Amino acid sequence: MDLDPDDVFRDDEDDPDNDFYQGRESTKELVVYLVDASPKMFATSCPGEDKKDETHFHMAVSCIAESLKTQILNRSYDEVAICFFNTREKKNLQDLNGVFVYNVAEREFLDRPTARLIKEFDHLEEMFLKDIGSKHGIISGSRENSLYNGLWVAQALLRKGSARTADKRILLFTNEDDPFGTITGAAKADLKRTTLQRAKDAQDLGISIELLPLGRPDEEFNFSLFYAELIGMQGDDLVEYMSLAKSRLEEMHNLLRKRMFKKRVVRRITFIISSGLSIEVNTYALIRPTFPGAITWLDSVTNRPLKTERSFICADTGALMQEPAKRFQAYKNENIKFSTEELSEIKRVSTGHLRLLGFKPLSCLKDYHNLKPSTFIFPSDKEVIGSTCIFIALHRSMLRLRRFAVAFYGGSSNPRLVALVAQHEVISDGGQIEPPGMHMIYLPYSDDIRPIEELHSDTNVAAAQANEDQINKAAALIKRLELKDFSVHQFSNTALQKHYAVLQALALQEDEMPEVIDETWPDEEGMSRPGAVKALEEFKLSVYEDKYDEEIESAKASETSRKRKAIVEDAVSECAKYDWADLADNGKLKNLTVVELKYYLTAHNLPVVGKKEVLISRILTHMGK
């Protein structure tokens, strides 16, 4: 097999050995939605989007449904489970009372979300009270503790995978701030103690518990009664958590269909500072461009993904080759053979570590050097103790001396130089806005930046220059149309939204496709304000004077004339392919299509309106038949 040098040293982002595929398994997220199904969840309501009252149970279920739909776009390989506690029926592997794990056929309890799961979960509320039922599982005089059982089942579901290779979370939905409120004395203390111990056991296994409280506008959810201790929050951390928890539900319900790089470790890398001194850092993804997902080939019968396999057949015998194929490169009339391991070693320019090379002043780093999204790095003491101390010392020195670090980074593909720029921590009244750390900016190669070339149709004619009045009018117009508090998150990619909407409608077999609003269209209402209209008119007059309308009409007329000329030329070319006299004499004009008949009419500047019989009659009249 010939060895293609271009293939050996290719830069392929879809290579399974690259950073994305190496880090993907380690960033898988396992989530259990733990929903309170007590009677209070059905009895308590608050205004929804359409100003109609919605039960808290409906709010929780709708949030999970939206979250599942967006998860297929965001991280389709993450795995989820849906668990209800305080239920009449029970369904769980531990056979515990008051806990029901919802699932559909051909799917494990904790598995990737499927179209069938989403489709059937949308109709769960209609049959929940009938088939599953609601029952308070913590009552006086009973040893049953449905919250304890729910945490136990959720913890058991998350035994899958290792805490080092997956992030594990329990999202708890409830509107009961004191689940043991009906119990008093030693019984309450005992139930509370065992439940908190169960939560602590889960957290010791690397499982984080997040509370999503459901409350009424006139009723505050009191964290201090029980749940502050369960999630392990107190003081300022609890105040910040409470403020964030209130907006979390709304964010889940109104999630835009977009791929999101979540605030979690993308990859752990080793930062080599000098010979014999290295620390561990975590990398986080910032804003990334979004593209439609890769095409996945499915079996036409089972609808399951197909796995492609390649086999080599001997050209002489037709038998399958059992030994792995070897590549070779011709060199001085001799074929030099390479094994797969040798090829991998040839392609491996670096081990994938981040190696410090030196420092430069920040003035040497230009804006145009940032050609692709940067990566944020932060220290971690998980594997290398003392990484944070060394990172902080380096971070502070770079900020004080106004330097950035130059480092080499890369794995088996696409190694390159990077700039590490230290960032200050920014804190406001609402909490931390920007964390301390470093931005890893991927520096361009020498041929990535090219000088700007000015091209003019006529080199003897100088390019038109705007005068001072035109510049002032343009600045005034831009100021009038400037967007306030602009953010890239205000506008969605309409083409991607349409793509995702079509996929969702097909996968869930929906009769109607979700409406997609194009937010990139100009704001006609805003541009029609008197101030904006005045600025626009003044700009037009300063550039075109009184000839603006004439030039526009002239441009429209020339464009129409050009299109008309192209249509006539095309019709003349097509018309020459037919023997019109023979077709007319033999009565075969009726066998032609309307489009073909119009070729003749357009080429001879005749009207093209009317039915087929009218067009044929018009052609015969023009030919004198």
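Residues numbered from 1 in each chain as written. Predicted model: local features only at pLDDT ≥ 70, side-chain atom pairs only at ≥ 80, totals over all residues. Heavy atoms only, no water.

**Comments concerning the overall build of the protein**
In terms of regular secondary structure, the protein is built from 20 helices and 18 strands. Residues classed as buried in the protein amount to 34% of the 625 residues present. Taking the contacts inside the protein whose residues are at least 6 apart along the sequence as the reference set, 67% of them involve residues at least 24 apart. Here the protein displays about 39700 Å² of accessible surface, and carbon together with sulfur accounts for 53% of that area. (Helix = DSSP H or I, 4+ residues; strand = E, 2+ residues; numbered from the N terminus. Buried < 20%, exposed > 50% of the residue type's maximum accessible area, 1.4 Å probe, protein only. Contact = heavy atoms within 4.5 Å. Areas by Shrake-Rupley, 256 points an atom, 1.4 Å probe, with all protein chains shown as cover.)

**Quick notes on the environment of His58**
With respect to the helices and strands, the residue His58 is situated in helix H4 (residues 56–74). A C-alpha to C-alpha distance of 9.0 Å links His58 and Ser45, two positions 13 residues apart in sequence.

**Some details on the confidence of the model for the protein**
Per-residue confidence for the protein averages 80 on the pLDDT scale, and 83% of its residues sit at or above 70. Segment residues 1–26: pLDDT under 50, and 43 contacts once partners within four positions in sequence are set aside and those in other chains are kept. In this model residues 255–261 is a low-confidence stretch, pLDDT under 50, and it forms 27 contacts with partners more than four residues away in sequence or in other chains. (pLDDT = per-residue confidence, 0-100.)

**Some thoughts on a positive patch on the surface**
There is a patch of like positive charges on the surface, built from Lys479, Arg480, Lys484, Arg529 and Lys534. Looking at the secondary structure, you find Arg529 in the loop between helix H15 (524–527) and helix H16 (530–544). Here Arg529 falls in the partly exposed class, since its relative accessible area comes to 45%. (Patch = residues over 30% accessible without salt bridge, like charges linked within 9 Å, V, L, I, M, F, W, Y side chains within 5 Å. Salt bridge = Lys/Arg side-chain N within 4 Å of Asp/Glu carboxyl O. Lys, Arg positive; Asp, Glu negative; His and termini not counted. Charge placed at Lys NZ, Arg CZ, Asp CG, Glu CD.)

**Remarks on the pattern of salt bridges**
Summed over all chains, the structure comprises 15 salt bridges. Linking Glu79 and Lys160 is a salt bridge whose minimum nitrogen-to-oxygen distance equals 2.8 Å. Here Glu79, found in strand E4 (residues 79–85), pairs with Lys160, found in the loop between helix H7 (146–157) and strand E6 (166–174); they are 81 residues apart in sequence, far enough to count as distant. When its relative accessible area of 7% is taken as the criterion, Glu79 is described as buried. Lys160 sits in the partly exposed class, given a relative accessible area of 35%. Glu210 is paired through a salt bridge with Arg169; the nearest N and O atoms lie 3.0 Å apart.

**Section: the sheet that holds E4**
The five strands lie next to each other as E5-E4-E1-E6-E7, forming an open sheet whose pairing is mixed. Since the sheet does not close on itself, it has two edges, and those belong to strand E5 (99–102) and strand E7 (207–213), each with one partner. The average undirected angle you get between the axes of adjacent strands in this sheet is 20 degrees. In this sheet, E4 lies alongside strand E1 (residues 28–36) in parallel orientation, the contact comprising seven bridges. Each bridged residue has a counterpart across the sheet, and for Val31 the counterpart in E4 is Val80. (Pairing = 2+ DSSP bridges. Axes fitted to C-alpha atoms, helices over the stretch in contact; angles between N-to-C directions.)

**Digging into helix H14 (residues 494–507)**
The terminal C-alpha atoms of H14, which comprises 14 residues, lie 20 Å apart, in line with the 20 Å expected from a rise of 1.5 Å per residue. Where H14 begins, the capping side chain belongs to Asn493, and its oxygen is found 3.1 Å from the backbone nitrogen of Ala495. Looking one or two residues beyond H14, the residue adopting positive phi is Gln509, at roughly 55 degrees. (Expected span 1.5 Å × (residues − 1). Polar contact = N/O pair within 3.5 Å; in protein donor to acceptor, adjacent residues only side chain to side chain.)

**A word on the side chain of Ser542**
The residue Ser542 is located in helix H16 in this model. Looking at Ser542, the relative accessible area reads 14%, which means it is buried. Reaching out from Ser542, the side chain makes a polar contact with the backbone oxygen of Phe539 at a distance of 2.8 Å. Non-local contacts of Ser542, meaning those with residues more than four positions away in its chain, are made with Asp469, Gln470 and Lys473.

**A short note on the pairing of E4**
Looking down a regular strand, the side chains alternate between one sheet face and the other. Among the seven residues that make up E4, seven are buried, leaving the element largely enclosed by the rest of the structure. Alternating positions in E4 separate into two faces, Glu79, Ala81, Cys83 and Phe85 on one and Val80, Ile82 and Phe84 on the other, with burial throughout. Two elements, E4 and E5, share four bridges in a ladder whose sense is antiparallel. The residue bridging Phe85 from the neighbouring strand is Val99, located in E5.

**Topic: the packing of aromatic side chains**
One pass over the full model with this rule turns up 12 aromatic pairs. Aromatic pair Tyr33 and Phe173: ring centres 6.5 Å apart, planes at 40 degrees, arrangement tilted. Linking Tyr33 in strand E1 with Phe173 in strand E6, this pair joins segments that are 140 residues apart in sequence. Judged by relative accessible area, Tyr33 falls into the buried class, the value being 3%. An aromatic cluster is defined as three or more aromatic residues linked by ring pairs; in this entry it consists of Phe42, Phe57, Phe84 and Phe128. Directly above the aromatic system of Tyr442 lies the positively charged group of Lys372, at a separation of 4.5 Å from the ring centroid. (Phe/Tyr/Trp six-rings, centres within 6.5 Å; stacked < 30°, edge-to-face > 60°. Lys NZ or Arg CZ within 6 Å of the ring centre and 35° of its normal.)

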